[in-house]
Amino acid sequence: MDDTLVSPPQDVFLRIFRLSRSITLLFSINGIIIDASDGALLLLGCQREELLGSYLSILPDALPIENAIKSVAETRETAVVAVQLPNGEVLLELSMISLDLPQGGYILATQTSHTPSMVATEVGMEKLAGEPNASQHRWQFALEGTQVGVWEWNIQNSEVYFSPRWKEILGYSDNELMNSIEQWQQRIHPDDYARVMKAHEPAFMEPDRLYRSEYRLQHRDGSYRWISSQGKVMSWTGDKKPLRMIGTHADITERRVLEEQQEHLVRILEATTDSVNIATPDGHMTFWNSHGRAMVGVSPEEDVTTISFDSFHPPESLKTLNTIAIPFAIANGIWQGENIIINRQGKLTPVTQVIIAHRDNHGNLEYLSSIMRDISPQKKVEEALRNSEQRLWRLLESTPLGVVIINTDGIIEWVNPAMCRKVDYPYESLIGNSLTKFLPEESRRTWHQWFRQFGSTPKKRSIKEWMLVRQNGEIFLAEMVSTIFTDTSGQWRMVTYVTDITKRKRYEEELLRSLRQQEELNELKSTFVQMVSHEFRTPLAGIMGSAELLKKYLERLSPERRTEHLETILGGVQRMVFMMEEILSLGAIDSGRTSFNPTCVDLKSMCRNLQAQLHNVFPGERIRIKFDDIPTFAMLDESLLHHILTNLLSNSLKYSPVTSPVYFSVFGSDSGLCFGVTDFGQGITESDLEHLFEAFFRGSNASNIQGTGIGMMIVKRCLDLHGGTIHIESTLNRGSTFTVTIPQNTKSITEEDSHEPNSTDRR
């Protein structure tokens, strides 16, 4: 074991040192008193300021201590000296220790019940071994008066003597523990036995060699106590074998615990990645941990007491340290803030710094400690965040999107210039107001309900359309994309991005309308193809059949059969011509090529010609014409009127029994010239009446009857060009009556006017 104790940093050592209630003194190697424990000050009856810096002469019976200090300083061997103090004689153990102070080596004097190597001097040992019983008892009494136990060991026959104090240290009275080597062997910690036995060997070999050892013995309560044991062989056999050894036995558990605590503190200070340094009140640095040294470029070998801590602070930082930080710490116990240090290469490092003022039990300032942490990475992150934040704000300021930040109370905290332009309000009139400032009054309650719900649900994003009102009262449609974020205080905010979508919605509606029209057109084309292929197939089949029969059997057919087949061919051709005229008429009307051109029309002649044409298509002469007080001539568009009447009459003929008549009447009324068509056919259902004028619509009860489904639409378009109306009365399975009214004072309608939608044609 090294005779020089290695101590922790001075601040830790002195703090524990001064709290000791036993007599403890710290000397320089020149005999100057450096410090004293509270217990020593109490016993000597003086203040610390009176004792520190004085020489040994201030102590009573100083000569023995002076001699012992010189001996320890020269030999570095521990010594025990008896000192006469006001309350009696005590034994002090003197040992060399090393502290992190300018002088380096120091002498620690401690009362033997608290020292790391408590042993009597060699002179005392010899007297204990060789003097008569009275003298021996006096020395033994003196030793045990200092709480040190005494043991004597006959090495040759293993007999041993333990003094009452020796046993008391382990919790036993004198008569409770036998004087035998086995008692010691049973109580020593198993991990220490071999080491302790080996420590005796040098003393067994050399007559003047002292035995020293520290180990653990088990106390009566089961715990282990640290023991400091020292001894010396006092007598030898004739063949120079050790015969009798006498020694001391002292409890150093308290000191070992303190040492372990000190070592633990040292390990903590050295393990931390922060810089930790300690300085005296006058600014002399006494300790700096390895990480702190590395932070500024001080090598582990350099003596910190020769380094000025001020040299590692740039001027402004040093000013903060000396004028603000240290005075504040001395006045209030602690200061913490940010500072800057500079290393030996000139590199600046931002740090967080904590300065603590440490005081003794009497309130006197003992030393200052400083803890610094490198916050360069944090500063880089903060700088990056600031730059990012600045870029974000610049982006929000320049974006064409309106941006609004709203707090939890629904109050606007910030808007960008684009938002101000969108609602035509200045920035100052928006901040501090609710978003409802530019919402229509009927939407404000809905907004408040939505805002509370959105802020209280886990959903963090919403896309909604709202009508907003500009300052001038103009309303526009806005798409508002809202998200929730939480600030550093834990309060949530809503940021909303606003886009005016009024034009976009109009374009979308126009596009949808165009798409619907295109879909309708495609559907019409498809239906038209199907209709044409179906409707043309039947007459073509009849024409082809009759033509083939005439070709093959013309000579064999009777005149009546020939006429019948020719009429079939003629009827099929006329029907196809009729359908083609309908299709061409519809195309002309839809493309705008049809205009309203009234001429002077002979009504009766036109109606009879129409009757004759339809009798050729629908045999049986079923049309009954009636004229009731009508003018001979009328200003009408004969082509359009022909389409109207042809479709009405042909429908009545198709959808009524072949033997049933169709009544065609022409008469005048207050509204104009009227044309009525009445049949006794299958009629039209109420649900079909709503769709009667739609392209390619066929009644639900007309699926087995040929037809294109465009006749009634042609009727409606031609009537619109005339400015006329149509009235329908129909009873299912009993017939229908169609009444068309055309104003007699009808004026010419331009092509552009004819295509404007009206109440009866919205397609």
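Residues numbered from 1 in each chain as written. Predicted model: local features only at pLDDT ≥ 70, side-chain atom pairs only at ≥ 80, totals over all residues. Heavy atoms only, no water.

**Regarding the overall build of the chain**
No. 1: Regarding its fold elements, the chain presents 23 helices and 28 strands.
No. 2: Every one of the 763 residues in the chain was classed for burial, and the buried ones make up 44%.
No. 3: Looking at the chain as shown, the accessible area adds up to about 40600 Å², and 53% of this sits on carbon and sulfur atoms. (Helix = DSSP H or I, 4+ residues; strand = E, 2+ residues; numbered from the N terminus. Buried < 20%, exposed > 50% of the residue type's maximum accessible area, 1.4 Å probe, protein only. Areas by Shrake-Rupley, 256 points an atom, 1.4 Å probe, with all protein chains shown as cover.)

**Notes on the sheet that holds strand S19 (residues 461–469)**
No. 1: Here we have five strands laid out as an open sheet, ordered S18-S17-S21-S20-S19, and antiparallel in their pairing. Of all the strands in the sheet, just strand S18 (412–415) and S19 have a single pairing partner and so form its edges. Strand-to-strand twist of the sheet, defined as the mean angle between neighbouring strand axes without regard to direction, takes the value 25°.
No. 2: When strand S20 (residues 475–486) meets strand S21 (residues 492–500), the two strands line up antiparallel, connected through nine bridges. Bridge pairing in S21 links Thr486 to Trp492.
No. 3: Against the sheet, helix H13 (residues 376–398) touches strand S17 (402–406), S18 and S21, its axis set at about 80° to S18. (Pairing = 2+ DSSP bridges. Axes fitted to C-alpha atoms, helices over the stretch in contact; angles between N-to-C directions. Contact = heavy atoms within 4.5 Å.)

**With respect to the packing of helix H19 (residues 603–617) against helix H20 (residues 638–654)**
In a packed pair of helices, the relevant descriptors are the angle between the two axes and the axis-to-axis distance.
No. 1: The interhelical angle for the contact between H19 and H20, taken along N-to-C directions, is 45°, at an axis separation of 11 Å. By the angle class used here, H19 and H20 are oblique. The handedness of the crossing between H19 and H20 comes out as right-handed. Judged by residue contacts, Met606, Leu610, Gln613 and Leu614 of H19 engage Glu638, Leu641, His642, Leu645, Thr646, Leu649, Ser650 and Leu653 from H20. (Parallel < 35°, antiparallel > 145°, perpendicular 65-115°, else oblique. Left-handed = near helix turned anticlockwise from the far one by under 90°.)

**So, the nonpolar core**
No. 1: Formed by 39 residues in total, the largest nonpolar core has its most connected members in Leu636, Leu648, Phe664, Leu673 and Phe675.
No. 2: Elements supplying a minimum of two residues to this core: H19, strand S24 (633–636), H20, strand S25 (662–669), strand S26 (672–679), helix H22 (711–722) and strand S28 (735–742).
No. 3: Among the elements that take part in this core, H20 stands out by supplying seven residues, more than any other.
No. 4: Ignoring anything within four residues of it in the chain, the contact list for Leu648 reads Val677, Met712, Val715, Ile726, Phe738 and Val740. (Core = buried A, V, L, I, M, F, W, Y, C linked by side-chain atoms within 4.5 Å.)

**Topic: the sheet that holds strand S15 (residues 348–359)**
No. 1: Judged by pairing direction, the sheet is antiparallel, and its five strands sit side by side in the order S13-S12-S16-S15-S14 without closing on themselves. Of all the strands in the sheet, the pair left with one neighbour each is strand S13 (285–288) and strand S14 (334–342). Recorded for the sheet is a direction-independent mean angle of 25° between the axes of neighbouring strands.
No. 2: As paired elements, strand S12 (residues 275–279) and S13 share three bridges and run antiparallel to each other. By the bridge assignment for S13, Asn277 is matched with Trp288.
No. 3: Helix H12 (residues 315–332) contacts S14, S15 and strand S16 (365–374) of the sheet and is inclined by roughly 160° relative to S14.
No. 4: Contacts from H13 reach S14, S15 and S16, with the element oriented near 125° to S15.

**Remarks on the side chain of Ser736**
No. 1: Looking at where Ser736 falls in the secondary structure, it is placed in strand S28.
No. 2: For Ser736, the side chain forms a polar contact with the side chain of Ser730, separated by 2.7 Å.
No. 3: Beyond its immediate stretch of four places on either side in the chain, Ser736 contacts Val677, Thr678, Asp679, Gly683, Ile684, Glu729 and Ser730. (Polar contact = N/O pair within 3.5 Å; in protein donor to acceptor, adjacent residues only side chain to side chain.)

**A short note on the environment of His358**
No. 1: Position of His358 among the secondary structure elements: in strand S15.
No. 2: Remark: the alpha-carbon pair of His358 and Gly333, spanning 25 residues in sequence, is separated by 7.4 Å.
No. 3: Non-local contacts of His358, meaning those with residues more than four positions away in its chain, are made with Asn364, Leu365, Glu366, Tyr367, Leu368 and Ser369.

**Looking at the packing of aromatic side chains**
No. 1: Per the stated rule, a full pass over the model turns up 13 aromatic pairs.
No. 2: Ring geometry for Phe451 against Trp492: centres 5.7 Å apart, planes inclined by 45°, an arrangement best described as tilted. You can see Phe451 sitting in helix H16 (residues 441–456) and its partner Trp492 sitting in strand S21, a full 41 residues away along the chain.
No. 3: Among the aromatic residues, ring-to-ring pairing joins Trp447, Trp450, Phe451, Phe454, Trp466 and Trp492 into one connected group.
No. 4: The cationic tip of Arg256 hangs over the ring face of Trp226; the distance from NZ or CZ to the ring centre is 3.7 Å. (Phe/Tyr/Trp six-rings, centres within 6.5 Å; stacked < 30°, edge-to-face > 60°. Lys NZ or Arg CZ within 6 Å of the ring centre and 35° of its normal.)

**Here we look at a nonpolar patch on the surface**
No. 1: Among the surface-exposed residues, Leu511, Leu512 and Leu515 lie close enough to one another that they form a single nonpolar patch of about 280 Å² accessible area.
No. 2: Tracing the sequence through the fold places Leu511 in helix H17 (residues 502–553).
No. 3: Given the relative accessible area of 51%, Leu511 is considered exposed. (Patch = residues over 30% accessible without salt bridge, like charges linked within 9 Å, V, L, I, M, F, W, Y side chains within 5 Å. Salt bridge = Lys/Arg side-chain N within 4 Å of Asp/Glu carboxyl O.)

**Focus on the pattern of salt bridges**
No. 1: A full pass over the atoms with the stated rule returns 24 salt bridges.
No. 2: A salt bridge links Asp174 to Lys167; the shortest N-O distance between them is 3.0 Å.
No. 3: Between Arg470 and Asp500 there is a salt bridge, and its shortest N-O distance comes to 3.0 Å. Of the two residues, Arg470 sits in the loop between S19 and S20 while Asp500 sits in strand S21, which places them 30 residues apart along the sequence.
No. 4: Residue classification places Arg470 among the buried residues on the basis of a relative accessible area of 14%.
No. 5: A residue is classified by how much of its surface remains accessible, and Asp500, at 30% relative accessible area, is partly exposed.
No. 6: What emerges from the salt-bridge pattern is a single network uniting Glu465, Glu479, Arg504, Lys505 and Glu508.

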